[in-house]
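# Summary of the model geometry
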Amino acid sequence: SPVWLNVGDSRSATAGRRRGFTLVELLVVITIIGVLASIASVVMFKGLSAAKQSRTSAEVTNLASAMEEFRRAYGDYPPSFLDQSDVNARALIIRFLAKAFPRCNPNAEASYIPWSDGSNTFYPYLDSSGTFQLWSPIGATQSGAKPMTPSQALVFWLTSISKDPAHPLSAPTADRVSFFDFDNARITRMNTTGTSGYGTSGSAWTLVTSATTPSLATPPTTFTLATNTACPMYNPGAYLPRDGNQQGYVYFEARCYLFHALFLLANYPPAATAATPPPLNNPPVPYLSRSAPWDTNSNGYLDAGQPTTLMTFDVPTGSNLALTPASFTGFQNLCVNPKSFQIISAGLDNDFGQVNRTGKPSSGAAPIGQARGTYSPTGSASGLSYFIFYKSYPDGQGYDNITNADDDNITNFSEGPLGSVKPQ
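Structural notes, computed from the coordinates.

Analysis parameters
- Residues numbered from 1 in each chain as written.
- Predicted model: local features only at pLDDT ≥ 70, side-chain atom pairs only at ≥ 80, totals over all residues.
- Heavy atoms only, no water.
- Pairing = 2+ DSSP bridges.
- Helix = DSSP H or I, 4+ residues; strand = E, 2+ residues; numbered from the N terminus.
- Buried < 20%, exposed > 50% of the residue type's maximum accessible area, 1.4 Å probe, protein only.
- Core = buried A, V, L, I, M, F, W, Y, C linked by side-chain atoms within 4.5 Å.
- Contact = heavy atoms within 4.5 Å.
- 1 Å grid on protein atoms, 1.4 Å probe; cavity = no way out; pocket = protein on both sides within 12 Å on 5 of 7 lines; lining within 4 Å.
- Points joined across faces, edges and corners; volume = space filled by probe spheres on them.
- Nonpolar A, V, L, I, M, F, W, Y, C, P; charged D, E, K, R; others polar.
- Phe/Tyr/Trp six-rings, centres within 6.5 Å; stacked < 30°, edge-to-face > 60°.
- Lys NZ or Arg CZ within 6 Å of the ring centre and 35° of its normal.

Strands belonging to one sheet form pairs held by backbone hydrogen bonds; the direction of such a pair is parallel or antiparallel. Strand order in the open sheet formed by four strands is 3-2-1-4, and the pairing between neighbours is antiparallel. Both edges of this open sheet fall to strand 3 (132-135) and strand 4 (146-147), since each of them pairs with a single strand only. Relative to strand 4, strand 1 (residues 115-116) runs antiparallel, the two being bridged by two bridges. Opposite W115, over in strand 4, you have P147 as the bridge partner.

Below you can see the structure in the form of structure tokens.
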């Protein structure tokens, strides 16, 4: 008789045994997901970085526009190097004030451009013998007082001009012109607590009405200040970019370029510590233009063939030559924006980029990106030994090629981060 197979039962048994993923298949799927996630993370990170750079670039553009508005209002750009202990720098300040505010006493107004020791404000002036002095209306004792930095100068000039044309800085009023809508939360004021006897937390201009006997010297008659006389005091502050940066925007005015490129050997570079890691010890320097001549035979020095009457700071042979007024003009004309200014952000890495500052010789040729010579406020060849640090845009000469810290710097003379322009 025929043999019948129970086909239906066989199919039912097969269907009941469902096949799962093997270990290999699971690993493949996990790997694919990981790769896709990493790609997405990179794209997202790049997108966030690009957005942050765009915001910083837009703010640099707006700050530059504010400085142009300042020039239209007062006929000149304000100086960025405010060390009045240097007679050349003080002369620039006096000349600017006289031109911008013809109704003022420029010598008196210059004395209201403050110095600070980090918690107190000091006023600079020249005593009867022409010696540089600092004075505190609240009786503070000078302790390492320094002029405002280029970052602080940017905020100072764009927010501090009084509407009194005869007293642009000394007017005892808070009615001052603002050329830029600063976010006060991003201005790092020198004195944030007001504990030194003036101001409120984070304030800028404040009147002091209990001026005491000066601790260093009698104030000059141009101050017309005495005990219990109201004195307007400024609390310096730098403006921090919104994204990932703890160093303020830097402002270099063209006539001050050489001042900012010049560092005395005794003061540069500052010592790195745990509290101030190396990035904070990489101060910005002015950028030279593409047209700036380079002498490749001297490994990056400015061309030794430049006229010595204009380039007495150009010392590839190591000769100690003094700076002269013509030196400042010569260097200025080699820089980007030789008639206006440079505004620089350190970028998302908070690092302006180190210049080659190794091997400071007492004689012989200087390292790449440096020129060696002497400088004193009188222009004498017997002054202090210095190096001049410089970088060249967009050639990339003198950039920090170890960490590429310059590459994400954003400026008012580059359409994008400096690394997007530098030849690879």
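Attention now goes to helix 5 (residues 150-159). For helix 5, a buried count of 10 out of 10 residues is recorded, marking the element as mostly surrounded by other parts of the structure. Along helix 5, the positions that sit buried rather than exposed are P150, S151, Q152, A153, L154, V155, F156, W157, L158 and T159.

So, on to the pairing of strand 16 (residues 341-345). Of all the five residues making up strand 16, five are buried; the element is thus mostly covered by neighbouring parts of the structure. The side-chain alternation of strand 16 yields two buried faces, one formed by F341, I343 and S345 and the other by Q342 and I344. Here four bridges tie strand 11 (residues 250-253) to strand 16, and the two strands are oriented antiparallel to one another. Bridged to E253 within strand 16 is F341.

Grouped together as the largest cluster of nonpolar side chains are 52 residues, with contacts concentrated most on F70, W157, L158 and I343. Contributing elements (two or more residues each) for this core: helix 2 (23-74), helix 3 (87-100), strand 2 (121-126), strand 3, helix 5, strand 8 (205-208), strand 9 (231-234) and strand 16. A total of seven residues in this core trace back to one element, the largest contributor, which is helix 2. Once you skip the residues sitting within four places of it in the chain, I343 turns out to touch V60, L63, A64, L154, Y249, V250, Y251, I410, T411 and N412. If you look at the next biggest cluster of nonpolar residues, it comprises 26 residues, including F328, C335, Y390 and Y399.

Further remarks concern empty space enclosed by the protein. Inspection of every chain in the model, using the stated rule, returns one cavity of 30 Å³ or more. Each pocket or cavity is described by its volume, and for the largest cavity that value is around 30 Å³. Lining the largest cavity are P79, L92, F96, E253, R255 and C256. Of the residues contributing to the lining of the largest cavity, the split by class is four nonpolar, no polar and two charged.

Summed over all chains, the structure comprises 25 aromatic pairs. For the pair F81 and F259, a centre-to-centre distance of 4.4 Å together with 0° between the ring planes defines the contact as stacked. Remark: F259 occurs in helix 6 (residues 257-261) and F81 occurs in the loop between helix 2 and helix 3; sequence separation between them is 178 residues. For the pair F81 and F259, one class covers both residues: buried. Look at Y287 and Y399: their rings are 5.8 Å apart centre to centre, the planes differ by 85°, and that puts the pair in the edge-to-face class. Taken together, the positions of Y287 in strand 13 (residues 287-288) and Y399 in the loop between strand 19 (391-392) and strand 20 (410-411) put the pair 112 residues apart, joining distant regions of the chain. In this structure an aromatic cluster arises from ring pairing among F70, Y74, F96, F101, F156, W157, F179, W205 and Y234. When the ring centre of W205 is taken as origin, the NZ or CZ atom of R176, which lies over that ring, is 3.9 Å away.

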